[in-house]
Amino acid sequence: MIAIGCDHGGLELKESVIKHLKDRGFEVKDFGTYTSDSVDYPDIAAKVCPEVLNGSCEFGILICGTGIGISIAANKHKGIRAALCSDPYSAAKTKEHNNANVICMGGRVTGPDLANTIVDAYIDAKFEGGRHQNRIRKITDIENNQ
Ligand code: RB5
């Protein structure tokens, strides 16, 4: 199961990413927003991140206008490693090296076809562990020492 959410700036891109994921055979839990009415992106991050942290969803996708605000908000959730991705190389690397559990995109930045390649690159990549696991542990140490 994949958790997905957006603010009003990411609505159209969210819809097209959901279609792509379903076409690939994935189950998707959509946490809104569902209309073009203005909403606050931290509220959407706050719906998606717990689903990833409690294991209900394997990972999350968050979309706002730029992807920046919603990635900042997501990264305030302890245990979330949210990566703002605007290209497939970074999307693959953030799985391989950072084991990102949320990817973020900008609905006003990234077009639908590119977004699909970003999502595919992330899904199809594998976390490499090893020295990268050690670095993630150091990120967790920062969280735990705050
Ligand atoms: C909303 O207008 C916009 O600020 C938001 O979608 C996002 O781009 C913030 O980082």
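Before any of the text, the structure's been laid out above.
Since the structure is predicted, the reported quantities are computational estimates derived from the model, not experimental observations.

Cut-off values and rules
- Numbers given for residues are sequential positions, taken from 1 along each chain in its written order.
- The predicted nature of this model means local features are confined to residues of pLDDT at least 70 and side-chain atom pairs, given and counted, to a pLDDT of 80 or more, with totals for whole chains, interfaces and linings taken over all residues.
- Heavy atoms throughout the structure, all of them, feed into the side-chain values; hydrogens and water do not.
- Segments assigned H or I by DSSP are reported as helices when at least four residues long, segments assigned E as strands when at least two residues long, and all are numbered from the N terminus.
- Residue burial is assigned from relative accessible area. The probe radius is 1.4 Å, only protein chains are included, and a residue is buried under 20% of its type maximum, exposed over 50%, and partly exposed in between.
- Contact criterion: two residues are considered in contact whenever any of their non-hydrogen atoms come within 4.5 Å of each other.
- Throughout, near means a residue has at least one heavy atom within 4 Å of the molecule or strand.
- In the analysis that follows, any N or O atom pair within 3.5 Å is treated as a polar contact, provided that within protein one partner can donate a hydrogen and the other can accept it, and provided that, for residues neighboring in sequence, both atoms belong to side chains.
- Where accessible areas are quoted, they stem from the Shrake-Rupley method and a 1.4 Å probe; at the residue level, only the protein chains shown are allowed to cover.
- Put simply, a salt bridge is a Lys or Arg side-chain nitrogen that is within 4 Å of an Asp or Glu carboxyl oxygen.
- Think of a 1 Å grid over just the protein atoms. A cavity is a set of points where a 1.4 Å probe fits yet cannot get out, a pocket is an open set with protein on both sides within 12 Å along at least five of seven lines, and lining residues have an atom within 4 Å of a point.
- Grid points are joined across faces, edges and corners, and a volume is the space filled by probe spheres set on the points.
- Put simply, Ala, Val, Leu, Ile, Met, Phe, Trp, Tyr, Cys and Pro go in the nonpolar bin, Asp, Glu, Lys and Arg in the charged bin, and everything else, Gly too, in the polar bin.
- Orientation is described by axes fitted as lines to C-alpha atoms, over the contacting stretch for helices, and by angles from 0 to 180 degrees between their N-to-C directions.
- Note that the term roughly parallel is reserved for angles under 35 degrees, roughly antiparallel for angles over 145, roughly perpendicular for angles of 65 to 115, and oblique for everything else.
- A crossing counts as left-handed when the near helix is turned anticlockwise from the far one by less than a right angle, and as right-handed when that turn is clockwise.

(A) Molecular detail of the environment of Ala92. Following the sequence through the fold, Ala92 ends up in helix 4 (residues 88-96). Look at Ala92 and you get buried, because its relative accessible area is 15%. A sequence separation of 27 residues divides Ala92 from Val119, and the C-alpha atoms of the two residues are 8.8 Å apart. In this structure, Ala92 is in contact with Ala121, Tyr122 and Ala125, ignoring residues within four places of it in sequence.

(B) Summary view of the site of the ligand. Around the ligand, a shell composed of Asp7, His8, Tyr41, Cys64, Gly65, Thr66, Gly69 and Arg108 is seen. Taking Asp7, its side chain carries an N or O atom lying 2.6 Å from an oxygen atom of the ligand. The separation between an oxygen atom of the ligand and a polar main-chain atom of Gly65 is 2.7 Å. Protein coverage of the free-state accessible area of the ligand, which is 300 Å², stands at 71%.

(C) Spotlight on the pattern of salt bridges. Per the counting criterion, the structure on display carries eight salt bridges. The closest approach of N and O atoms between Lys14 and Glu15, which form a salt bridge, is 3.7 Å. We classify Glu15 as partly exposed; its relative accessible area is 40%. Salt bridges here are not isolated pairs; linked through shared partners, they connect Lys14, Glu15 and Asp30.

(D) Expanded view of helix 4. Here helix 4 has its buried residues at Ala91, Ala92, Thr94, Lys95 and Glu96. Structurally, helix 4 contributes buried residues whose contacts are with strand 4 (82-84), strand 5 (102-106), helix 5 (112-124) and helix 6 (131-144). Where helix 4 starts, the residue carrying a side-chain oxygen 3.1 Å from the main-chain nitrogen of Tyr89 turns out to be Asp87.

(E) Broad picture of the layout of surface pockets. Of the voids in this model, the largest pocket is the one considered here, and its volume is about 250 Å³. Contributing to the lining of the largest pocket are 15 residues, with Asn75, Lys76, Ile80, Ile139 and Glu143 lying nearest its centre. Taken together, the elements giving at least two residues each to the lining of the largest pocket come down to strand 4 and helix 6. Ranked by residue count, the leading element in the lining of the largest pocket is helix 6, at three residues. Along the lines of polarity and charge, the residues of the lining of the largest pocket split into six nonpolar, five polar and four charged.

(F) Representation of empty space enclosed by the protein in the model. For the structure on display, the rule yields one cavity of 30 Å³ or more. Roughly 30 Å³ of internal volume is contained in the largest cavity. Taken together, the residues that form the lining of the largest cavity break down as two nonpolar, two polar and two charged.

(G) Quick peek at the packing of helix 4 against helix 5. Put simply, helix 4 and helix 5 touch, their axes get as near as 7 Å, and they point 25 degrees apart. Classified by the angle their axes make, helix 4 and helix 5 are roughly parallel. Handedness of the helix 4/helix 5 crossing: right-handed. Facing helix 4, whose interface residues are Pro88, Ala91, Ala92, Thr94 and Lys95, helix 5 presents Leu114, Thr117, Ile118, Ala121, Tyr122 and Ile123. Counted by class, the contact of helix 4 with helix 5 contains eight nonpolar, two polar and one charged residues.

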